[in-house]
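Here's the letter readout for the chains.
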Amino acid sequence: MTTDKIESNTTKSSVPLLTHRYLRMVTKDGHSTFQMDGAQGKGLAYLRDAWGILMDMRWRWMMLVFSASFVIHWLVFAVLWYLIAEMNGDLELDHDAPPDNHTICVKYITSFTAAFSFSLETQLTIGYGTMFPSGDCPSAIALLAIQMVLGLMLEAFITGAFVAKIARPKNRAFSIRFTRSAVVTHTEGKPYLMFQVANTRSSPLTSVQISAILYQERENGQLHQTSIDFHLDSVTSDECPFFIFPLTYYHTVTPSSPLAALLQREAAQHFELVIFLSAVQEGTGEMCQRRTSYLPSEIMLYHRFASLLARNAKGEYQIKMENFDKTIPELPAAADSNCPRRTDKEIHTNGQHVDSFQLSEADLTE
């Protein structure tokens, strides 16, 4: 499966997408770095999806839209109230002693400031009691009804947007954390590409699914996508039913694996491995997704992750999140147990004994 690379008409020289100064397609926190240039009808498409725009908007812009929408609503109806007062001849009158043959539409609207104040009081149902519409002025009653209906619709829309933005599953996904680096380690003579993911909240996630896509740019300027399978220990199903402690996902780097040649430092080929995690919130049943990506420089060969689980004095499990991104260098044991050049070595980190490993000539292609 391939996707065509979008080229700008103003670009004079073709710059490879994955070798550009900004190498990432997906940032470490899961945001896309692609930009759409030259799309027709882009502005109209945004207007048709006003709700989606509000959901994706940052909170500071959300607050600006919230404030601006109400102020504009008040100003528009302040102008209409002022026009009614002017057309009815109420601006120049003494509202405490009006002529007997004159009906004042809105009491004490004698300026635009007073009209704005009345619009504000009407919308917020403050009701100070000094300004009020007359029941003998049909235009004022009609405008009052229109402002109340539109104001209620505006309040319902903005309130709904705030509630939906606060409650959306995307906020729960922020508590899912991937390791900054992936590692390639050898277990029983086989190389494995591994990464860890942690749920930093105490509430569990269920039905966890992992998918990974390898992106490579071809010579013809296209991005080639390859699916990379990851598994969790000996779990045979496609999903992990319970996510409360850190999980380690594995990909077996066999000679037929798309990553086998790419992980050789001599290859010097650029690629990006994008990881997608989907999970269900136990309390609400909503699906949330978290993404990250790994570049070749973020995949550490001959390393393993530090241990995260421990027990306290009561025998309870504890998770040492300070070790979450820590890796320990090691060299893989040879796949062939009869390798004559194998020698025992010992690792020391920060002056402390960590573990032992065996030095051999095994590499990723074995």
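Before reading further, recall that the structure is shown in the block above.
Residues numbered from 1 in each chain as written. Predicted model: local features only at pLDDT ≥ 70, side-chain atom pairs only at ≥ 80, totals over all residues. Heavy atoms only, no water.

Undergrad: Hey, could you go over the pairing of strand β6 (residues 222–228) for me, with residue numbers and the actual values?
TA: Across the 7 residues that make up β6, a large majority, 5, are buried. Direction of pairing for strand β5 (residues 205–217) relative to β6: antiparallel, over a ladder of 6 bridges. Residue Glu217 lies in a different strand from β6, and its bridge partner there is Leu223. Two successive antiparallel strands, β5 and β6, enclose a turn made up of 4 residues, where Gly221 displays a positive phi of approximately 85°. (Buried < 20%, exposed > 50% of the residue type's maximum accessible area, 1.4 Å probe, protein only. Helix = DSSP H or I, 4+ residues; strand = E, 2+ residues; numbered from the N terminus. Pairing = 2+ DSSP bridges.)

Undergrad: So what's going on with the packing of aromatic side chains? Which residues, and what values?
TA: The tally for this structure, following the rule as stated, stands at 11 aromatic pairs. Relative to Phe162, the ring of Trp59 has its centre 5.5 Å away and its plane inclined at 55°; by these criteria the two rings are tilted. Separated by 103 residues along the polypeptide, Trp59 in helix α3 (residues 59–87) and Phe162 in helix α5 (residues 138–167) bring together distant segments of the chain. Ring centres of Tyr82 and Phe112 lie 6.1 Å apart, and the angle between their planes is 70°; this geometry places the pair in the edge-to-face category. One end of the pair, Tyr82, is in helix α3; the other, Phe112, is in helix α4 (residues 112–124), with 30 residues separating them in the sequence. Here the aromatic cluster, defined as three or more aromatic residues joined through ring pairs, consists of Trp59, Phe66, Phe70, Trp74 and Phe162. Directly above the ring of Trp59 sits Lys165, whose terminal nitrogen or CZ lies 5.4 Å from the centroid. (Phe/Tyr/Trp six-rings, centres within 6.5 Å; stacked < 30°, edge-to-face > 60°. Lys NZ or Arg CZ within 6 Å of the ring centre and 35° of its normal.)

Undergrad: I'd like a rundown of the state of the cysteines, residues and numbers included.
TA: A full pass over the atoms with the stated rule returns 1 disulfide. The partner cysteine of Cys105 in its disulfide is Cys137, sulfur to sulfur 2.0 Å. Residues Cys105 and Cys137 are joined through a disulfide that is right-handed, its torsion about the S-S bond being 65°. Of this pair, Cys105 sits in the loop between α3 and α4 while Cys137 sits in the loop between α4 and α5, and the two are 32 residues apart along the sequence. Note on accessibility: Cys105 and Cys137 belong to one class, buried. (Disulfide = S-S within 2.5 Å.)

Undergrad: Describe unusual backbone geometry, naming the residues involved and giving the relevant values.
TA: Unusually for a residue other than glycine, Ser207 sits at a positive phi of about 50°. Tracing the sequence through the fold places Ser207 in strand β5. Positive phi outside glycine occurs at Tyr302, with the angle close to 55°. Here Tyr302 is to be found in the loop between β11 (299–301) and β12 (303–305). On the basis of relative accessible area, Tyr302 is assigned to the partly exposed category, the value being 25%.

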